[in-house]
Amino acid sequence: MRGYFVTATGTDIGKTYVSARLIEAWRSRGIAAEATKPLMSGFAEDALEQSDAGRLLMAMGREVTPASVSEICLHRLAPPLAPNVAMRQAGIAQNYKEIRGFVARRLSVAADVHLVEGAGGVMSPLTDETLQIDLMADLQLKIILVTAPYLGSISHTLTAIDALRARGLEIAALVVSQPSVAGGDLMSFIEEVGRFRKLPITGMAHGEDANNLDLLLMQQKAEF
């Protein structure tokens with residue numbers, strides 16, 4: 001089984017959209033795909049289909065129920081806060097080993113490929129003592145880094161790339177997303193990032209599928 005960890009330069013960049021479209025692209029090719037969202041915050045219990053885990057389940061072709069969400073998501077937290085703050089406010093024990101173990105068990109589920117979607121950005125807190133990048137380093141999955149062409153994003157993107165590489169993590173793809181119709185110029189942004197760092201890059205315009213990303217991963221001999 002192949003696995004990828006989907007992270008981003010920040011919040012509301014398009015991680016879940018990219019993840020869901022990529023799962024759909026794989027399924028269209030007959031590839032069995034699984035997804036895990038260890039923690040999510042900022043959602044309504046009566047609108048699970050609109051949550052990150054709900055959207056991943058729908059991409060996998062599965063029904064969205066409290067039970068199915070719990071299957072792929074260890075902690076779902078209502079406040080739109082960083083996971084550690086939300087867990088602290090909810091009185092949930094911040095047990096990193098439990099979180100890591102949950103993901104490890106999910107990765108053992110039979111599938112051709114598995115996506116793990118983080119919360120927030122590369123350096124976002126996971127618990128009061130660990131960051132998202134700590135989980136990535138422990139899992140050692142290839143990274144799909146999602147960014148977008150907003151003001152200041154070149155700095156954020158280059159910083160994220162360097163942080164991931166400093167931990168020995170392989171970036172399988174940098175995806176420049178367009179979370180809104182009024183998003184910036186994808187190609188100009190891709191060219192600017194390419195001036196400073198060499199890595200596989202592709203764009204995903206607002207509402208676009210993930211066929212180009214799927215092709216990019218296949219070109220890296222990531223066939224399934």
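Before reading on, note that the structure itself is shown above.
Since this is a predicted model, take the numbers as computed values, not measurements.

Student: Would you take a moment to explain the pairing of strand β7 (residues 171-177) for this structure?
Tutor: Side-chain positions along a regular strand alternate between the two faces of the sheet. Counting buried residues along β7, 7 of its 7 residues qualify, which places the element largely inside the surrounding structure. Taken together, the 5 bridges between strand β6 (residues 142-147) and β7 define a ladder with parallel strand orientation. Looking at β7, one finds that Ile144 is bridged to Ala173. In this fold, the crossover linking β6 to β7 by way of helix α7 (residues 153-166) has right-handed handedness. In this structure, β7 lies alongside strand β8 (residues 201-204), joined through 4 bridges in parallel fashion. Paired with Val176 across the strands is Gly203, a residue of β8. Handedness of the crossover joining β7 and β8 through helix α8 (residues 186-196): right-handed.

Student: Hey, could you run me through α7 in this one?
Tutor: Residue pairs spaced three or four apart in an α-helix point in one direction, given the helix's 3.6 residues per turn. Between its terminal C-alpha atoms α7 stretches 20 Å, which fits the 20 Å expected from 14 residues at 1.5 Å a residue. Those residues of α7 that fall on the buried side of the exposure criterion are Ser153, Thr157, Leu158, Ala160, Ile161, Ala163 and Leu164. On its buried face, α7 is in contact with α6 (132-139), β6, β7 and α8. Where α7 terminates, the next one or two residues include Gly168, which has phi positive at roughly 75°.

Student: How should I be thinking about unusual backbone geometry in this particular structure?
Tutor: Glycine aside, negative phi is the norm for most residues, and most peptide bonds take the trans geometry. Although it is not a glycine, Asp12 adopts a positive phi angle of roughly 60°. Topologically, Asp12 is positioned in the loop between β1 (2-8) and α1 (15-28). Look at Asp12 and you get exposed, because its relative accessible area is 69%. For Gln140, which is not glycine, the phi torsion reads 55° and is therefore positive. Structurally, Gln140 can be placed in the loop between α6 and β6.

Student: Just checking my understanding: could you explain the packing of aromatic side chains for this structure?
Tutor: Within a pair of aromatic rings, the relevant descriptors are the distance that separates the centres and the angle that separates the planes. What the rule picks out here adds up to 1 aromatic pair. On the basis of an interplanar angle of 25° and a centroid distance of 6.1 Å, the ring pair of Tyr4 and Trp26 is categorised as stacked. Here Tyr4, found in strand β1, pairs with Trp26, found in helix α1; they are 22 residues apart in sequence, far enough to count as distant. A relative accessible area of 2% places Tyr4 in the buried class. Cation over ring: Arg21 sits above Tyr17, and NZ or CZ is 4.8 Å from the ring centre.

Student: Looking at this structure, how should I read the pattern of salt bridges?
Tutor: Applying the stated criterion across every chain yields a total of 15 salt bridges. Measuring nitrogen to oxygen at the nearest pair gives 2.8 Å for the salt bridge that ties Arg21 to Glu24. Of the two residues, Arg21 and Glu24 are both situated in helix α1; the distance of 3 residues between them amounts to about one turn of the helix. On the accessibility criterion, Glu24 (34% relative accessible area) is partly exposed. Across the pair Asp128 and Arg88 runs a salt bridge whose closest N-O atoms are separated by 2.7 Å. Highlighted residues: Asp128 in the loop between β5 (113-117) and α6 and Arg88 in helix α4 (residues 83-90), separated in sequence by 40 residues.

Student: Is there a simple way to think about the nonpolar core in this case?
Tutor: As a rule of thumb, nonpolar side chains are buried together in soluble globular proteins. Of all hydrophobic cores here, the largest spans 37 residues; its most connected members are Trp26, Leu115, Leu213 and Leu217. A total of 5 residues in this core trace back to one element, the largest contributor, which is α1. Those residues in contact with Leu115, other than ones at most four positions away along the chain, are Tyr4, Val6, Ser19, Leu22, Ile23, Trp26, Glu34, Ala35, Thr36 and Ile144. Counting residues in hydrophobic clusters, the runner-up holds 34 residues, among them Val116, Ile133, Leu145 and Leu164.

Student: Explain α8 to me, please; I cannot follow it from the model alone.
Tutor: All buried positions along α8 are accounted for by Leu186, Phe189, Ile190, Val193 and Gly194. Projection of α8 onto a plane perpendicular to its axis shows the buried side chains occupying an angular sector of 135°, all on one side. Facing away from the buried side of α8, by more than 90 degrees, are the exposed residues Met187, Glu191 and Arg195. For α8, the elements touching its buried residues are β6, α7, β7 and β8. For α8, the side-chain oxygen to backbone nitrogen distance between the N-cap and Met187 is 3.1 Å, and the N-cap itself is Asp185.

Here is what the cut-offs are and how they apply
Residues numbered from 1 in each chain as written. Predicted model: local features only at pLDDT ≥ 70, side-chain atom pairs only at ≥ 80, totals over all residues. Heavy atoms only, no water. Buried < 20%, exposed > 50% of the residue type's maximum accessible area, 1.4 Å probe, protein only. Helix = DSSP H or I, 4+ residues; strand = E, 2+ residues; numbered from the N terminus. Pairing = 2+ DSSP bridges. Right-handed = clockwise from strand over helix to strand, strands pointing away. Expected span 1.5 Å × (residues − 1). Contact = heavy atoms within 4.5 Å. Phe/Tyr/Trp six-rings, centres within 6.5 Å; stacked < 30°, edge-to-face > 60°. Lys NZ or Arg CZ within 6 Å of the ring centre and 35° of its normal. Salt bridge = Lys/Arg side-chain N within 4 Å of Asp/Glu carboxyl O. Core = buried A, V, L, I, M, F, W, Y, C linked by side-chain atoms within 4.5 Å. Arc of directions from axis to C-beta. Polar contact = N/O pair within 3.5 Å; in protein donor to acceptor, adjacent residues only side chain to side chain.

No statement about biological role is implied by the geometric values presented.
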